[in-house]
Amino acid sequence: MMLRSIALLIIVSASAADVGRQVSLIVGKGELIQFGNDLIKVVVAEPKIADAVVVSPRDVMVTAKSVGHTTLVIWETGSTPVRYEIAVVTDTSELDHMHATLAGELKAALPDASVQFSGNAETLVLTGKAGSGDQSKKAEAIASAHSKKVVNMIQVPPAAEPRQIMLSVKFASVDRTALSQLGFNLFSRNGVTIGSTSTQQFTGPLFSQLNNGGTPAANVSNPLNLFLYRPDLGIGLTLQALLQQNLAQILAEPNLIVLEGSEASFLAGGQFPYPTITSTPTGSGIAPVVTIQFKKYGVQLNFTPTITSSGAINLKVKPEVSTLDYTNAVTVDGFQIPALSSRSAETEVNLRDGESFAIAGLIDNRVTQILNKVPGLGDIPILGQLFRSRSTEKTSTELVVVVTPHFVKPLPASDKPKMPDIVVPFLPSVEERKAAKDNKDKKKPEFVGPRGHQVPNL
């Protein structure tokens, strides 16, 4: 019985010694253990997890190196060995701060969504539910600011079918051209001096008839001329001074249908070729090579519609009108390359279905002056002004663009689209009259023979 008691006491002492003292450390940090007597020996089970350094006969510095568990045993003079259970964990203070910050940002940006996350600064995994794909993308963008890699596993409801938008556009060119003309014709038909002089810009009076007195009669070709004539002197003058105004014209009226978020384009014009010169190395040197490229011109339109959360249409529009300008053309190696006179605008607006907005103020101002004169007489100083005429053309063109978006949807398969009605002529054509006459001349078929049941006459 005594031997059994001693063995049980030894087992209980060993189990108590197995528990040891618990020491928790964070990777990269350490703890100093002090003793009352000198140390004899220090042993660490796994130095890769924790390292023990004797800094003095009675002091031991334990440093945590990697995550894990290990055992430290220290022998002190005059005492039994002391056992320490070392637990090394990772420092989570930065991770906790990052999680708290990210949770606050997601809550502020997406209050209606239920988004959870897990991970660290290397990889984050997003889970939960969001109301739309935009909310899911927004949560992913917020999480990407805190982690190198984001795995988005947020559940979103099925996306609705994108809506179709028709854009009705009108391109109008308002021409404010003012054309002024000034010229004169001076003539004399008396018995002393017969002749006429003109600036040659306008047709002068015609003398084709003679009256009873022998004086020719003048026929004025242009009734807009101011006509002055002295019958007693036989001298007359015609003067023309005109001012013309042009009107507006519609350049194009395109109607384009596109899905929301997609880009649509329109071009009413063409492409003109222009050469480009490049150099190509050859065996003896570098030889120029001419290649032809094409550039678009005319009435162009690019637009991209998107639908906002309120149901409005956010519209990015870029209209452009360009024409070939041979006045500023350049000649390169015998090729005449015209310049492009263009007017464009680019804007972004929000509109409701059926609302319109206009882009105006794209003005092109030009002044062209043409001078005509009588050869010789027009070069005389001072008096030569009487034998000159001028024509000044002031071109002021303003481009106006009116844009109207509409929501549209296709017709069901059971419905047939209504086609334009064919114009019914007021009088029938020759072919129709001939066909009607032929049908009238044809005799209707007649029945020959007995009809039904006939009772014979007795």
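Here goes a summary of the coordinates provided. (Residues numbered from 1 in each chain as written. Predicted model: local features only at pLDDT ≥ 70, side-chain atom pairs only at ≥ 80, totals over all residues. Heavy atoms only, no water.)

**Considerations on the overall build of the protein**
Along the backbone of the protein there are four helices and 26 strands. Taking all 458 residues of the protein together, the buried fraction comes to 26%. Only carbon and sulfur atoms are counted for the fraction: they give 57% of the accessible area of the protein, which is about 31,400 Å². (Helix = DSSP H or I, 4+ residues; strand = E, 2+ residues; numbered from the N terminus. Buried < 20%, exposed > 50% of the residue type's maximum accessible area, 1.4 Å probe, protein only. Areas by Shrake-Rupley, 256 points an atom, 1.4 Å probe, with all protein chains shown as cover.)

**Some details on a nonpolar patch on the surface**
Taken together, the side chains of Ile277, Val290, Ile292, Phe294, Val330, Val332 and Phe335 present a nonpolar region at the surface, about 610 Å² in accessible area. For the nonpolar patch, the secondary structure elements donating two or more residues are strand E21 (286–307) and strand E22 (313–332). Counting residues per element, the nonpolar patch draws most heavily on E21, at three residues. Here Val332 is to be found in strand E22. (Patch = residues over 30% accessible without salt bridge, like charges linked within 9 Å, V, L, I, M, F, W, Y side chains within 5 Å. Salt bridge = Lys/Arg side-chain N within 4 Å of Asp/Glu carboxyl O.)

**Some thoughts on the sheet that holds strand E8 (residues 114–119)**
Here we have three strands laid out as an open sheet, ordered E8-E9-E10, and mixed in their pairing. What marks the edges here is a single partner per strand, and that holds for E8 and strand E10 (149–152). Strand-to-strand twist in this sheet, taken as the mean axis angle between neighbours without regard to direction, amounts to 25°. Relative to strand E9 (residues 123–129), E8 is paired through six bridges, and the arrangement is antiparallel. The residue bridging Ser118 from the neighbouring strand is Val125, located in E9. Along the sheet, helix H2 (residues 93–109) makes contact with E8 and E9, crossing E8 at roughly 160°. Sheet strands in contact with helix H3 (residues 133–144) are E9 and E10, and its direction is about 155° off that of E10. (Pairing = 2+ DSSP bridges. Axes fitted to C-alpha atoms, helices over the stretch in contact; angles between N-to-C directions. Contact = heavy atoms within 4.5 Å.)

**Quick word on the packing of aromatic side chains**
Within this structure, the stated rule accounts for one aromatic pair. One residue, Arg163, lies across the ring of Phe407, its end atom 3.8 Å from the ring centre. (Phe/Tyr/Trp six-rings, centres within 6.5 Å; stacked < 30°, edge-to-face > 60°. Lys NZ or Arg CZ within 6 Å of the ring centre and 35° of its normal.)

**Quick notes on the environment of Lys295**
Tracing the backbone through its elements, the reader meets Lys295 in strand E21. Residue Lys295 is classed as partly exposed on the basis of its relative accessible area, which comes to 41%. Separated by 45 residues in the primary sequence, Lys295 and Leu340 place their C-alpha atoms 9.7 Å from one another. Non-local contacts of Lys295, meaning those with residues more than four positions away in its chain, are made with Gly270, Gln271, Phe272, Tyr274 and Leu340.

**Comments concerning the packing of H2 against H3**
In the contact formed by H2 and H3, the axes pass within 10 Å of each other and the chain directions differ by 155°. With respect to H3, the axis of H2 lies roughly antiparallel. Two packed elements cross with a definite hand, and for H2 against H3 that hand is right-handed. Here Leu102, Glu105, Leu106 and Ala109 of H2 lie close against H3, whose contacting residues are Lys138, Ala139, Ile142 and Ala143. Looking at the contact of H2 with H3 residue by residue, the class counts come to six nonpolar, no polar and two charged. (Parallel < 35°, antiparallel > 145°, perpendicular 65-115°, else oblique. Left-handed = near helix turned anticlockwise from the far one by under 90°. Nonpolar A, V, L, I, M, F, W, Y, C, P; charged D, E, K, R; others polar.)

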